[in-house]
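Structural description and commentary
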Amino acid sequence: MSANKQFASHADLDEKQVSFSQISEHAWAYTAEGDPNTGIVIGDDAVLVADTQATPAMAADVIRRIREVTDKPIRYVVLTHYHAVRVLGASAYQAQQVIASQDTYDLIVERGEQDKASEIGRFPRLFRNVDTVPAGLTWPSITFTGKMSLWLGELEVQLLQLGRGHTKGDTVVWLPKEKTLLSGDLVEFDATPYAGDAYFKDWPQTLDRVAALQPSALVPGRGAALTTPEAVAQGLAGTRAFIADVYESVKAGAAAGKDLRAVYAETYQRLKPKYGHWVIFDHCMPFDVSRCYDEVTQHADPRIWTAERDQQMWQSLEG
Ligand SMILES: [Zn+2]
């Protein structure tokens, strides 16, 4: 008789303190001590929300904060990528348009159902009042490829695909006039990047393109808002170093003919001193190393995580 070893996330139960702060003339950050962030742009005539929170009940708190500063309609919801923890709160905003890259749309078609079941199973605390999520998936009503601009009155908001990184469909929201970026999970701060659906080889180059925009303020996917060019540079450097360190360690292990379990153990030991204090380190590492091992061996594209594959992987690496 052997009990399944629980995901690390199941021991992660502390409620987080929410902050809602203005980071530039038109942008606000809704952050929660390392839990998923939401970025908000308040234009002349409408509000845009980037990443929705995991459930409509959780999104209701974002809406409450928005209503403390504006009564303009929430017209646009942008999905920076397809992950359930980012998209399942969308219905609460009753936005006219839900916008995502075509690559994100394709991923929702291909793996949205499995991802929903997998993410809710992995991290129950992040899906507060999961019963408020409507049946089915969150579907974009507008898709784009590469770049599109939205005009909120005179305010230009650009949606940009700068390359693959956290997922194939990553989109950032960019306010060119005030050099403010909502990065989604492409950039994290004091939080471990989840890379279970990532492209390790591409991610650093995509971060180069983020840096080339020279943001002076940035809302990362997790962690505190970065409100100076120095802080932005620190967020970019930390994310890049983590991705590069995992990649280097896994690539070397795989090249030496080691199996995933061995590569995982040695990569975990190598990275723990440098990144072990970042939130969700223990949660992310098995997924990140599994994906990286796939990428450097035989799977150019991330394999679909299902609730069953999650369990199987966790038992084989952590059991
Ligand atoms: Zn994500």
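Look above for the structure.
Let me sum up the structure you'll find in this document. (Residues numbered from 1 in each chain as written. Predicted model: local features only at pLDDT ≥ 70, side-chain atom pairs only at ≥ 80, totals over all residues. Heavy atoms only, no water.)

Here we look at the pairing of strand β12 (residues 217-220)
The alternating pattern of β12 places Ala217 and Val219 and Leu218 and Pro220 on opposite faces, both of which are buried. Pairing of strand β11 (residues 180-184) with β12, which is carried by four bridges, proceeds in the parallel orientation. Looking across to β12, one finds that Leu182 is bridged to Val219. Crossover connection from β11 via helix α4 (residues 203-212) to parallel β12: handedness right-handed. (Buried < 20%, exposed > 50% of the residue type's maximum accessible area, 1.4 Å probe, protein only. Helix = DSSP H or I, 4+ residues; strand = E, 2+ residues; numbered from the N terminus. Pairing = 2+ DSSP bridges. Right-handed = clockwise from strand over helix to strand, strands pointing away.)

Quick notes on the packing of aromatic side chains
Inspection of the entire model under this criterion finds 10 aromatic pairs. With centroids separated by 5.5 Å and ring planes inclined at 55 degrees, the aromatic side chains of Tyr105 and Trp139 adopt a geometry described as tilted. Residue Tyr105 is found in helix α3 (residues 102-122), and its partner Trp139 is found in the loop between α3 and β7 (142-144); the two are separated by 34 residues along the sequence. For Tyr105, a relative accessible area of 28% translates into the label partly exposed. A relative accessible area of 40% means that Trp139 is categorised as partly exposed. Three or more aromatic residues joined by ring pairs form one cluster here, namely Tyr194, Phe287, Trp305 and Trp314. Across from the ring centre of Trp305, 5.5 Å away, lies the NZ or CZ of Arg122, which sits over that ring. Stacked on the ring of Tyr199, the Lys or Arg Arg291 has its end atom at 5.5 Å from the ring centre. (Phe/Tyr/Trp six-rings, centres within 6.5 Å; stacked < 30°, edge-to-face > 60°. Lys NZ or Arg CZ within 6 Å of the ring centre and 35° of its normal.)

Topic: the coordination of the zinc ion
Coordination sphere of the zinc ion, protein contribution only: His81 (NE2), His83 (ND1), His166 (NE2) and Asp185 (OD), at 2.1 to 2.4 Å. Bound by four donor atoms, the zinc ion shows angles of 86 to 178 degrees at the metal and therefore irregular coordination geometry. The sequence pattern describing where the donors of the zinc ion fall on their chain is H-x1-H-x82-H-x18-D. Of the two residues, His83 sits in the loop between β5 (74-78) and α2 (84-87) while His166 sits in the loop between β9 (155-160) and β10 (172-175), which places them 83 residues apart along the sequence. (Donors = N, O, S within 2.8 Å, 3.2 Å for Na, K, Ca; no water. Tetrahedral: all angles 85-135°; square planar, octahedral: opposite > 155°, others 65-115°.)

So, the pattern of salt bridges
Enumeration over the complete set of coordinates arrives at 15 salt bridges. Measuring nitrogen to oxygen at the nearest pair gives 3.7 Å for the salt bridge that ties Asp61 to Arg65. One end of the pair, Asp61, and the other, Arg65, are both in helix α1 (residues 56-69), four residues apart, so they sit about a helical turn from each other. Notably, a salt bridge pairs Asp294 with Arg309, separated by 3.8 Å at the nearest N-O pair. In this pair, Asp294 sits in helix α7 (residues 281-297) while Arg309 sits in helix α8 (residues 307-318), placing the two residues 15 residues apart along the sequence. In this structure, Asp294 and Arg309 share a single accessibility class: buried. (Salt bridge = Lys/Arg side-chain N within 4 Å of Asp/Glu carboxyl O.)

As for the sheet that holds strand β1 (residues 19-22)
The strand order across the open sheet formed by seven strands is β1-β2-β3-β4-β5-β6-β7, and the pairing between neighbours is mixed. Bordering the open sheet on either side are β1 and β7, each of which pairs with just one other strand. Each strand axis lies, on average, 20 degrees off the axis of its neighbour in the sheet, ignoring direction. In this sheet, strand β6 (residues 97-101) lies alongside β5 in parallel orientation, the contact comprising three bridges. Residue pairing in the sheet places Tyr76 in a bridge with Gln97 of β6. Sheet strands in contact with α1 are β1, β2 (27-32), β3 (35-42), β4 (47-50) and β5, and its direction is about 140 degrees off that of β2. (Axes fitted to C-alpha atoms, helices over the stretch in contact; angles between N-to-C directions. Contact = heavy atoms within 4.5 Å.)

These figures capture arrangement, not role.
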